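# Structural description and commentary
Residues per chain are reported as follows:
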Amino acid sequence: MEPFLHHLFRLAYQAGAFGLFCVGVLDSSFLFVPLGNDFLMLGLSARHHERVPYYVLAATLGSVLGILITLWVSKKGGEKIKNKRGRTWKYVESQMKKNAGWALTLGSLMPPPFPFTLFVAAAGALRVPLKKVLPYVAAGRLLRFTIEGVLAIIYGRWILSLADSPALKTTMIVMIVIAIGGSAYSIVNWVRR
């Protein structure tokens, strides 16, 4: 399995900004790719300092598109809950509509295992307006990927030497297995609805 995963990561790496965009879409949708976008961002930025602004933009746009997909799917699921509203649901819905932007901004800055996709799905199910979701998430992701790009420029050689370590490879395999399991679980639950 390791050669297959290594091949997929290498393919995304060779695609550069487009690979970051695609992994960003997957990472922010229901298909979990824990740390995949972050490692790809760090690796590409460490090698190609001059392309960091393009990488930041591609990763951010991919993430926002993945979030749009998550919002759309969760809105469909939220329609089933609509008839079962009680006082608690209405309170949560009003609070989410008032404060969702800042909660999603902070969530978009957090690295895995923070369950950011669950917050986005909740915003979709509660029908939080896009203007209270997308700008905040885009700003948070833009800041996160910019910080990663700058860190890769400063610590690039160390990051690249770390990439060949057996501990990192083992960690990545474990994370990918968890990602595949989480994705399968999400898809099964989504299909059952």
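What comes next is a walk through the structure. (Residues numbered from 1 in each chain as written. Predicted model: local features only at pLDDT ≥ 70, side-chain atom pairs only at ≥ 80, totals over all residues. Heavy atoms only, no water.)

## Examining the overall build of the chain
Worth spelling out the cut-off: In DSSP terms, a helix is any run of H or I states spanning at least four residues, a strand is any run of E spanning at least two, and both are numbered starting from the N terminus. Any residue under 20% of the maximum accessible area for its type is buried, any over 50% is exposed, and the rest in between are partly exposed; the area is computed with a 1.4 Å probe on protein chains only. A contact between two residues is defined here by any heavy atoms of the two lying within 4.5 Å. Only the protein chains shown count as cover for residues, with accessible areas throughout obtained via the Shrake-Rupley method and a probe of 1.4 Å.
Each helix and strand in the chain was counted, giving 8 helices and 0 strands. Here the chain holds 193 residues, and 39% of them are scored as buried. The long-range fraction of contacts in the chain, counting pairs at least 24 apart against all pairs at least 6 apart in sequence, stands at 81%. On the chain, roughly 11,300 Å² of surface is accessible, and the fraction owed to carbon and sulfur atoms is 71%.

## Overview of the packing of aromatic side chains
As a reminder, the rule being used: Pairing of aromatic rings covers Phe, Tyr and the six-membered ring of Trp, with a centre-to-centre limit of 6.5 Å; geometry is then stacked below 30 degrees between planes, edge-to-face above 60, and tilted otherwise.
For the structure shown, the criterion picks out 2 aromatic pairs. Note on F18 and F21: the rings are 6.5 Å apart at their centroids and 25° apart in plane angle, and the pair reads as stacked. Within this pair, F18 and its partner F21 are both found in helix α2 (residues 17–28), separated by 3 residues, close to a single helical turn. Owing to a relative accessible area of 26%, F21 belongs among the partly exposed residues under this scheme. Centroid distance W102 to Y136: 5.3 Å. Interplanar angle 70°. Geometry classified as edge-to-face. On the criterion of sequence distance, the pair formed by W102 in helix α5 (residues 87–109) and Y136 in helix α7 (residues 134–163) is long-range, its members being 34 residues apart. With a relative accessible area of 27%, Y136 lands in the partly exposed category.

## Structural notes on the side chain of E148
Within the secondary structure, E148 is located in helix α7. Residue classification places E148 among the buried residues on the basis of a relative accessible area of 12%. Apart from residues no more than four positions distant in its own chain, E148 is found in contact with D38, M41 and L42.

## Some remarks on the pattern of salt bridges
Short version of the rule: Note on definitions: salt bridges are taken to be side-chain nitrogens of Lys or Arg within 4 Å of carboxyl oxygens of Asp or Glu.
By the definition in use, this model includes 2 salt bridges. Between E50 and R51 there is a salt bridge, with its nearest N and O atoms 3.8 Å apart. With its nearest N and O atoms 3.6 Å apart, the salt bridge here joins R144 to E148. Placement of the pair is R144 and E148 together in helix α7, with a separation of 4 residues, close to one helical turn. Residue R144 is classed as buried on the basis of its relative accessible area of 7%.

## What to know about the environment of L143
Summarising the element assignment, L143 is placed in helix α7. When the C-alpha atoms of L143 and V56 are compared, they prove to be 8.8 Å apart, with 87 residues separating the residues in sequence.

## Topic: the side chain of S45
Convention followed: In the analysis that follows, any N or O atom pair within 3.5 Å is treated as a polar contact, provided that within protein one partner can donate a hydrogen and the other can accept it, and provided that, for residues neighboring in sequence, both atoms belong to side chains.
With respect to the element layout, S45 can be found in helix α3 (residues 36–47). The class of S45 is buried, set by a relative accessible area of 0%. A distance of 2.8 Å separates a polar atom in the side chain of S45 from the backbone oxygen of M41. Apart from residues no more than four positions distant in its own chain, S45 is found in contact with V52, Y55, G149, A152 and I153.

## Overview of the nonpolar core
Quick reminder of the rule: In this text, buried Ala, Val, Leu, Ile, Met, Phe, Trp, Tyr and Cys residues form a nonpolar core when linked through side-chain atoms within 4.5 Å.
I67, L71, L104, A123, V128 and V133 are the most contacted members of the largest nonpolar core, which has 14 residues in total. Of all elements in the fold, only α4 (52–81), α5, α6 (116–125) and α7 reach the threshold of two or more residues within this core. Of all hydrophobic cores here, the second largest spans 12 residues; its members include V23, V52, V56 and A59.

## Description of a nonpolar patch on the surface
So the rule is basically this: Patch membership requires more than 30% relative accessible area and the absence of a salt bridge. Residues of like charge join within 9 Å; the nonpolar side chains Val, Leu, Ile, Met, Phe, Trp and Tyr join within 5 Å.
Taken together, L143, I147, V150, L151, I153, I154, Y155 and W158 make up a surface patch of nonpolar side chains, about 780 Å² in accessible area. Relative to the assigned elements, Y155 resides in helix α7. A residue is classified by how much of its surface remains accessible, and Y155, at 46% relative accessible area, is partly exposed.

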